[in-house]
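Summary of the model geometry
Below, each chain spelled out in residue letters.
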Amino acid sequence: MKSPFSFRNIALAVVGCGLIGGAVIAQTQPLPAIQWDVRRLDTLDRNVRRLERALIQRNNQVGEPLLVESDPELIALQGRVSQMDRRLQDMEATVQRVNGDIERLTFQLDESDRDNAALRSRLNDADARVERIESAAEDAARAAAAAEEAARGPRSPTGDAVSDLAAARAVTDPAASRAALEAVATNWPDTPSGKEAVWRIGDIIRATGDQAGAVQQYATALSGWPTLPWAGEVTLKLARGLEATNRDAQACAALGEYVRRYQATSTPALRAIATDTRTRAGCR
């Protein structure tokens, strides 16, 4: 048998009194809305259980059975709390998964940074090596160009062998004159001007007292026994140089070439020089 004083009836009575009292209070001051959080729900649940125990004790004293029914609104509210708790647990699991993913991504990012640093270091080393190779190639190219320029010899001042020789002969300083004649001999080696520059260098060397060096220049100029107008005179210079360096036999041989090749077209002065040199060398 249900007691007329069920928990629902008692709760409704309490709520009714509260509404009446609240209506009276509301006429004077509005109450703030209740914010149902976990703490408030726990407090409400404890108060309801305390009220249930009080009613049960009261019923035991009276001796009439008391049927306590749960409030459907409270059950619905508890269901919502359970649903929110499950959603919160799901969110916590999701956050944990996201944190794990973030940790893995952070580790991978650190690995990528280290790999990038290593690659950057290797790239810098490669750039430095390429720069050194390019610098060495440029130095080699400049050296090759300089060697090629040196192989070509000094540049011709006029672009003409005869004019270069005339300009060199016009120089009065012996050292400068020799340098100019050497340039002519280098730039025009197979021309009459080039050969003449060679024996004129011999004259400059002989003036310094170096007879042996002069003989070398005269012999070079007479290579092949040229038929140029100066060939007879240079042959006699060669013979005199050989005689002065105590090479009488070679001097006599040079005089023999003079007689065969150049004496017929020589001046009396050159013939006299030849006779004097023959006597000095003791030629037969």
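Residues numbered from 1 in each chain as written. Predicted model: local features only at pLDDT ≥ 70, side-chain atom pairs only at ≥ 80, totals over all residues. Heavy atoms only, no water.

**Brief notes about the overall build of the chain**
Assigned secondary structure in the chain consists of 10 helices and 0 strands. Sequence-ordered secondary structure for the chain, helices as α and strands as β, is α-α-α-α-α-α-α-α-α-α. Burial statistics for the chain: of 284 residues in total, 23% are counted as buried. Counting only contacts in the chain whose residues sit at least 6 apart along the sequence, the fraction spanning at least 24 positions is 52%. Roughly 20,100 Å² of accessible area belongs to the chain as shown, and the carbon and sulfur atoms make up 56% of that amount. (Helix = DSSP H or I, 4+ residues; strand = E, 2+ residues; numbered from the N terminus. Buried < 20%, exposed > 50% of the residue type's maximum accessible area, 1.4 Å probe, protein only. Contact = heavy atoms within 4.5 Å. Areas by Shrake-Rupley, 256 points an atom, 1.4 Å probe, with all protein chains shown as cover.)

**Here's the deal with the pattern of salt bridges**
Following the criterion strictly, the structure yields 13 salt bridges and no others. Here Asp45 and Arg49 are joined by a salt bridge, their closest N and O atoms 3.0 Å apart. Here Asp45 and its partner Arg49 are both found in helix α2 (residues 38-62), 4 residues apart, which amounts to about one turn of the helix. In this structure, the salt-bridge partner of Arg178 is Glu182, at a minimum N-O distance of 3.1 Å. Residue Arg178 and its partner Glu182 are located together in helix α5 (residues 174-187), separated by 4 residues, close to a single helical turn. For Arg178, a relative accessible area of 35% gives the class partly exposed. Via salt bridges that share partners, Asp203, Arg206, Glu233 and Lys237 belong to a single interconnected network. (Salt bridge = Lys/Arg side-chain N within 4 Å of Asp/Glu carboxyl O.)

**Topic: the side chain of Thr235**
One can find Thr235 in helix α8 (residues 231-244). Residue class for Thr235 comes out buried when judged on its relative accessible area of 1%. A polar contact is formed between the side chain of Thr235 and the backbone oxygen of Ala231, at a distance of 2.7 Å. Once residues lying within four places of it in the same chain are set aside, the contact partners of Thr235 are Leu222, Trp225, Ala254, Tyr258 and Tyr262. (Polar contact = N/O pair within 3.5 Å; in protein donor to acceptor, adjacent residues only side chain to side chain.)

**Here's the deal with the packing of aromatic side chains**
Inspection of every chain in the model, using the stated rule, returns 1 aromatic pair. Ring plane angle 40° and centroid distance 5.9 Å describe the contact between Trp199 and Trp230, whose orientation is recorded as tilted. Taken together, the residues Trp199 in helix α6 (residues 192-207) and Trp230 in the loop between α7 (211-221) and α8 connect sequence positions 31 residues apart. (Phe/Tyr/Trp six-rings, centres within 6.5 Å; stacked < 30°, edge-to-face > 60°.)

**A look at the confidence of the model for the chain**
Mean pLDDT over the chain: 81, with 80% of residues reaching 70 or higher. Long-range and interchain partners of residues 1-9, a stretch whose pLDDT sits below 50, account for 20 contacts in this model, where long-range means more than four residues apart. A low-confidence stretch, residues 11-27 (pLDDT under 50), is modelled with 0 contacts involving residues beyond four sequence positions or located in other chains. (pLDDT = per-residue confidence, 0-100.)

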